[in-house]
Amino acid sequence: EGHTHIGPEAVVAKRRRYGYPCTAHFYSEPPQIVSGKLHNLYGHDGKAYVDFFSGVSVVACGHCNEAITARTIEQLQTLQHTSTIYLTQPMVDLAERLANGVLPGNLKRTFFVNSGSEANEGALLAARLHTKRRSFLALEYGLHGRTFLTMNVTGIPMWRTDDFLDQEVTTFIPRPYDPVMDQEAASRRSLDALANVLAEKGDTIAAMIVEPIQGNGGMIVPPDWYFRELKAMLEEHGILLIADEIQTGCGRTGRMFAIEHYGIVPDILTMAKALGNGVPIGAFCTTDEIAASLIRPSASTFGGNPVSSATALAVLDYIEQEGLVERSLRVGGRLIEGLRELQGRYGLIADVRGKGFMAGAEIRGATDEESAAWTDIILERMKDEGFIIGKNGVGRNVLAFQPAMIIPEEEIEAMLRALDQVLAGLSQS
Ligand code: PMP
């Protein structure tokens, strides 16, 4: 093995001493994860966990999946890096692959970067250059990254690290969800607010950036008509739509991209996370026309590097060969159905939302503090039972289920049984 594991206490101590103070984790006793295999993670003490979070949608084809890592390793041993100002094939093969059969509609051109934030940054820049306008629209409680510009369009306060943002850059629109409102009504209110903003200053806005399904905002799935109407309204004012598919993309929701559930094609689409299955990569993709506005595209040192590109090609092959998009819809649907069954039996679960393998169960106690506290207790107990699940939502009270798209059905049943037991234990206490 060649590497000794220092143990979770020592890792926490090092983090406290040498990391930034802001680092956070979910558990009172966080496990030190030392290896992973497909849907399993292993702690330093050998304890196995079934991973229902995939590092927030990243490892969508499973940990250390040999069908993918074999090609990463082959590329690592052949050509690891050279500037993209020289000619390398994996990057152009990947761009071609995305254009022919992966991306929807007329999205045919891709610029590769290294993270989700950087992909959105590039998309926002492309929108500015193309429209020659400077402002943006975004949804409340959206999350788009941690660079300056992407923080400016991020609507979740806890993710906006800098309190001195350029507030005039972005106008936030209420999202198509409100905990105390019917969702159709909340969605209508969202578009009414959008109409007012457009009437006032539509011709100053370059783009609107949205997550088709808000991830960190708590798994918010807008109604079927929402994005179709929104897109038409933006088009009337020459405003581009950027779909942030960083958490939803590459098959997770049961379509290759979640915006496809809504029957529209965005002007720019961004992805990252699952495209590399754990190897860093990001991309923003657009039309011939919009791409033509990026006239000085300075090369990115690592964007489109051979290792990330070869890995992403392997990821796309694997998703296709294994039919994982269709599987996400079908088997993910069973996960959501199972959560709804639990909702019917336990008052603590106030709502179940999601599509495919992007599912959330909102926990609601008597107060917001209680809701967050119950959520943490459930996460802890599920970890003790051997299941890693996530958490998100504005009040940090939504259990998040985003397993690898290869998760065996019996593991879903086992997780639902464990959750049933944990909830039963809480109802008695
Ligand atoms: N957009 C969305 C929807 C995300 O979920 C995230 C990361 N959680 C980002 C953007 C930022 O991506 P990254 O952390 O790779 O910069």
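As a convention, each chain's residues are numbered from 1 in the sequence order in which they are written. At least 70 in pLDDT is required for a residue's local features to be given in this predicted model, at least 80 for side-chain atom pairs to be given and counted, and no such filter applies to totals for whole chains, interfaces and linings, which use all residues.

*Asks:* Describe the confidence of the model for the protein chain, and please don't skip the residues or the numbers.
*Replies:* With 99% of its residues at a pLDDT of 70 or more, the protein chain shows a mean pLDDT of 95. For the protein chain, per-element mean pLDDT is lowest for helix α1 (residues 8–18), which scores 90, and highest for strand β8 (residues 240–244), which scores 99. In the predicted complex, the global pTM is 0.97; the interface-specific ipTM is 0.99. Residue-level confidence of the predictor is summarised by pLDDT, bounded by 0 at the bottom and 100 at the top. The helix count covers DSSP runs of H or I at least four residues long, the strand count covers runs of E at least two residues long, and both are numbered beginning at the N terminus.

*Asks:* I'd like to hear about the nonpolar core, residue by residue, with values.
*Replies:* Residues Phe 136, Ala 207, Met 208, Ile 242, Ile 268, Ala 283 and Ile 389 are the most contacted members of the largest nonpolar core, which totals 118 residues. Take this core: its biggest share by element is nine residues, from helix α10 (residues 306–321). Each domain's extent was defined by an automatic or database domain assignment. Looking at this core, you find at least three residues from each of domain 1 (8–52 + 324–428) and domain 2 (68–321). Setting aside residues no more than four positions away along its own chain, Ala 207 makes contact with Leu 124, Ala 127, Phe 136, Ile 239, Leu 240, Leu 241 and Ile 242. Each nonpolar core comprises buried Ala, Val, Leu, Ile, Met, Phe, Trp, Tyr and Cys residues, the members being joined through C-beta atoms within 7 Å. Partly exposed residues are those falling between the two cut-offs: more than 12 but fewer than 20 other C-beta atoms within 10 Å of their own, whereas 20 or more means buried and 12 or fewer means exposed, with C-beta atoms placed from the backbone. In this description, any two residues whose backbone-derived C-beta atoms lie within 7 Å of each other are considered to be in contact.

*Asks:* How would you explain the domain arrangement of the protein chain if you had to name every residue and give the values?
*Replies:* Here the domain parsing of the protein chain yields domain 1 (8–52 + 324–428) and domain 2 (68–321). The centre of domain 1, based on its C-alpha atoms, is set 26 Å off from the matching centre of domain 2. In this assembly, 21 residues from domain 1 lie in contact with 20 residues from domain 2. It is helix α11 (residues 324–345) that provides the largest number of residues to the side of domain 1 that touches domain 2, a total of five residues. Asp, Glu, Lys and Arg are counted as charged, while Ala, Val, Leu, Ile, Met, Phe, Trp, Tyr, Cys and Pro are counted as nonpolar; the rest, among them Gly, fall into the polar class. In the side of domain 1 that touches domain 2, the residues fall into 10 nonpolar, eight polar and three charged.

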